[in-house]
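# An overview of the molecular structure
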Amino acid sequence: MKKLYAVLLLVCLCLCAGCGEQQVQKSDIVLDTAVTLTADGADAKAAIDESMARLKNIDGMVNPNVPDSDVCKLAQYAGSGHWVSLHPEVYKMLAFAQEYAAKTNGAFDVTTKPLVDLWGIGTDHAKVPSPQELMAAQKLVGWQKLELNEENHSARLQEKGMGVDLGGIAKGFAVDEVRQIYAKYGIKDGLINLGASSMYGLGLNKEGKSWRIGLRHPRKDDAQQKMAVLSLQDAALSTSGDYERFFEAGGVRYHHIIDPRTGRPAQSGAMSVTILADASVPDGGMLTDLLTTAVFVLGPEQGTRFLQTLPRGVEGAVVDGRYQLWTTGNMAAEMENVSEEFQFWQGSGELQ
């Protein structure tokens, strides 16, 4: 991480884009991920500077390693009956998460922190927990045990030892916040990229074309190996996969996407999920971020069925273990340069 930080910290590239406008690009490490913001316009630098400051502000609210963050306070007072006052931003994330926890019957659940900590996937202490450890941690998980008070933007966790993990929603929320800042400065062309897993493409790139986003091949060690390419214009895009953080033990791959209902890495048959939401969808960044986790846990069949219940403007693609692409909306037509290893599942028992 230190090496990545040294490479990315405060890289700023300004290119003339004609008509007195500039393209500005700046990178940093925020929200535990590599962030790159790109913007075109006379006020591009101001927009990006304010956006970076906003991202760091959000990080301070949701970072479990910051003692006075909202998530730390919730864990500190868990089980005490004490209501914790939250920043409006954190309350919005929790309320949104609770709404979709109910809609997905618990496939998405921000109270999985005890399980996330137990497995330690993505850290140097990752392990397969014992059945006893797993049972104890799972007793501390359950979205119904998170209570919210809308009147004063407060929350509490019912049992001691509980905690919330906003890793499946915070980056998407942050994308929406940066998008609002871009709008304030009149930025019509730009790319908001948080770790390549949550992003928003505004308008066109400097070549006057839609932003081209490569979707990573879920089984290639080289992150540059792509499964397909998507054109992104005035839309939010999020991806999640079992290749992001994992370890292997006894010939089994244990990845970081925990199924709250089993307490174990999801075994739904999915390898990766990509969700897109166009500009008409409210909170598109937060929604796509959340949905990648929820749909992964639900699996290809249930996940795509759930996506079809959502408003127009939301579509997705789920890759299963047989390299089949389950898509909704116009996603199949929008995916370009699809690797020959993959086929589109039509839901009729046949592939094309």
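Residues numbered from 1 in each chain as written. Predicted model: local features only at pLDDT ≥ 70, side-chain atom pairs only at ≥ 80, totals over all residues. Heavy atoms only, no water.

Under an unreviewed UniProt entry, the protein has the name FAD:protein FMN transferase and belongs to Selenomonas ruminantium. Taken verbatim from the UniProt record of the protein, the Catalytic activity (unreviewed entry) comment is "L-threonyl-[protein] + FAD = FMN-L-threonyl-[protein] + AMP + H(+)". Here the protein is described in UniProt, under the heading Sequence similarities (unreviewed entry), as follows: "Belongs to the ApbE family." (UniProt positions renumbered as here; feature names shortened; annotations may be inferred.)

## As for the nonpolar core
Judged by nonpolar contacts, the single largest core of 71 residues is most densely connected at Leu55, Leu166, Tyr182 and Leu291. By residue number, the principal contributor to this core is helix α8 (residues 284-298), which donates 9 residues. Among the domains, domain 1 (23-60 + 168-344) and domain 2 (65-157) are the pair contributing at least three residues each to this core. Beyond its immediate stretch of four places on either side in the chain, Leu55 contacts Val30, Leu31, Val35, Leu37, Ala174, Val178 and Leu194. Among the nonpolar cores identified, the runner-up in size contains 21 residues, and Trp211, Leu232, Ala317 and Met335 belong to it. (Core = buried A, V, L, I, M, F, W, Y, C linked by side-chain atoms within 4.5 Å. Buried < 20%, exposed > 50% of the residue type's maximum accessible area, 1.4 Å probe, protein only. Helix = DSSP H or I, 4+ residues; strand = E, 2+ residues; numbered from the N terminus. Domains from an automatic or database assignment. Contact = heavy atoms within 4.5 Å.)

## Examining the packing of helix α2 (residues 44-62) against helix α4 (residues 88-103)
Orientation of α2 relative to α4, taken along the N-to-C sense of each, is 65°, at an axis distance of 10 Å. One element, α2, and the other, α4, form an angle in the roughly perpendicular class. In the crossing of α2 with α4, the sense of the turn from one axis to the other is right-handed. Counted together, Arg54, Ile58, Met61 and Val62 of α2 and Glu89, Val90 and Met93 of α4 form the full contact between these two elements. Partitioned by chemical class, the residues of the contact of α2 with α4 number 5 nonpolar, no polar and 2 charged. (Axes fitted to C-alpha atoms, helices over the stretch in contact; angles between N-to-C directions. Parallel < 35°, antiparallel > 145°, perpendicular 65-115°, else oblique. Left-handed = near helix turned anticlockwise from the far one by under 90°. Nonpolar A, V, L, I, M, F, W, Y, C, P; charged D, E, K, R; others polar.)

## Digging into the sheet that holds strand β9 (residues 211-216)
Ordered in space as β9-β10-β19, the 3 strands form an open sheet in which the pairing is antiparallel. In this open sheet, the two strands that pair with only one neighbour each are β9 and β19 (335-336). Judged from the 2 bridges that link them, strand β10 (residues 226-232) and β19 form a sheet pairing that is antiparallel. For Val229, the partnering residue across the bridge sits in β19 and is Glu336. (Pairing = 2+ DSSP bridges.)

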